[in-house]
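Listed below are the residues making up each chain.
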Amino acid sequence: MDYLLLKYLHVLGAIVLLGTGTGIAFFMLMAHRTKDAAFVARTAGVVVIADMLFTASAVIAQPITGYLLADMMGIPLWEGWLGLALLLYGVAGVFWLPVVWIQARMRDLAREAALAGTALPPAYHHLYRIWFIFGFPGFGSVMAILWLMIARPAL
């Protein structure tokens, strides 16, 4: 495969990961702040779909394109900045996987509350706090990986 095409696909995947993650966080936060169960349910429904379509696709494509690029460039996978980036990718995954389930559960709880005409339940608020906290190491890892890919520091 052509180097520039491969690099383009890898950068595109990074943009999708960062962009979708930022958008999901923003829309979930804004919906949550309304305390409107129906609005939260609709927003979370779209967020779950976006995570499955865009984030999951990029999560699969990134290690494939990254491996092919490293191989093409002769860079050892577990050394220096690339090794650290792979470690951080694992950290991001550890925090992202539960968030996928949490978002779906928040959506379901909000739907149930909207149908019953009640406020968002305590279980929803508990999951929201976990979702919010998990965003920092998950998103922070992606930001750090992006910096490592650009700077390629000698480590």
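Conventions we followed
Residues numbered from 1 in each chain as written. Predicted model: local features only at pLDDT ≥ 70, side-chain atom pairs only at ≥ 80, totals over all residues. Heavy atoms only, no water. Helix = DSSP H or I, 4+ residues; strand = E, 2+ residues; numbered from the N terminus. Buried < 20%, exposed > 50% of the residue type's maximum accessible area, 1.4 Å probe, protein only. Phe/Tyr/Trp six-rings, centres within 6.5 Å; stacked < 30°, edge-to-face > 60°. Expected span 1.5 Å × (residues − 1). Bend = angle between axes of the 7 residues up to and from the residue. Polar contact = N/O pair within 3.5 Å; in protein donor to acceptor, adjacent residues only side chain to side chain.

**Quick word on the overall build of the chain**
Here comes step 1: Counting secondary structure elements, the chain contains four helices and zero strands.
Here comes step 2: Counted from the first residue to the last, the chain has its helices and strands arranged as α-α-α-α.
Here comes step 3: Overall size of the chain, expressed as C-alpha extent along the three principal axes, is 60 × 30 × 20 Å.
Here comes step 4: With 155 residues in all, the chain has 36% of them scored as buried.

**Looking at the packing of aromatic side chains**
Here comes step 1: Tallying each qualifying case throughout the model produces six aromatic pairs.
Here comes step 2: Relative to Phe 136, the ring of Phe 132 lies with its centre 5.3 Å away and its plane at 75 degrees, an arrangement referred to as edge-to-face. Within this pair, Phe 132 and its partner Phe 136 are both found in helix H4 (residues 122-151), separated by four residues, close to a single helical turn.
Here comes step 3: Among the aromatic residues, those joined into a ring-pair cluster are Tyr 124, Tyr 128, Trp 131, Phe 132 and Phe 136.

**Some thoughts on helix H2 (residues 37-73)**
Here comes step 1: Relative to the 54 Å expected for 37 residues at 1.5 Å per residue, H2 spans 51 Å between its end C-alpha atoms, a close match to the ideal helical length.
Here comes step 2: At Asp 51, H2 is deflected by roughly 35 degrees, the largest bend along its length.
Here comes step 3: One side-chain oxygen at the N-terminal end of H2 lies 3.0 Å from the backbone nitrogen of Ala 38; it belongs to Asp 36.
Here comes step 4: Gly 74 occupies a position one or two residues after H2 and carries a positive phi of about 75 degrees.

**Looking at unusual backbone geometry**
Here comes step 1: Positive phi, close to 60 degrees, is recorded for Lys 35, a residue that is not glycine.
Here comes step 2: By the element assignment, Lys 35 lies in the loop between helix H1 (3-34) and H2.
Here comes step 3: On the basis of relative accessible area, Lys 35 is assigned to the exposed category, the value being 63%.
Here comes step 4: Positive phi, normally seen in glycine, also occurs at Arg 152, with a value near 45 degrees.

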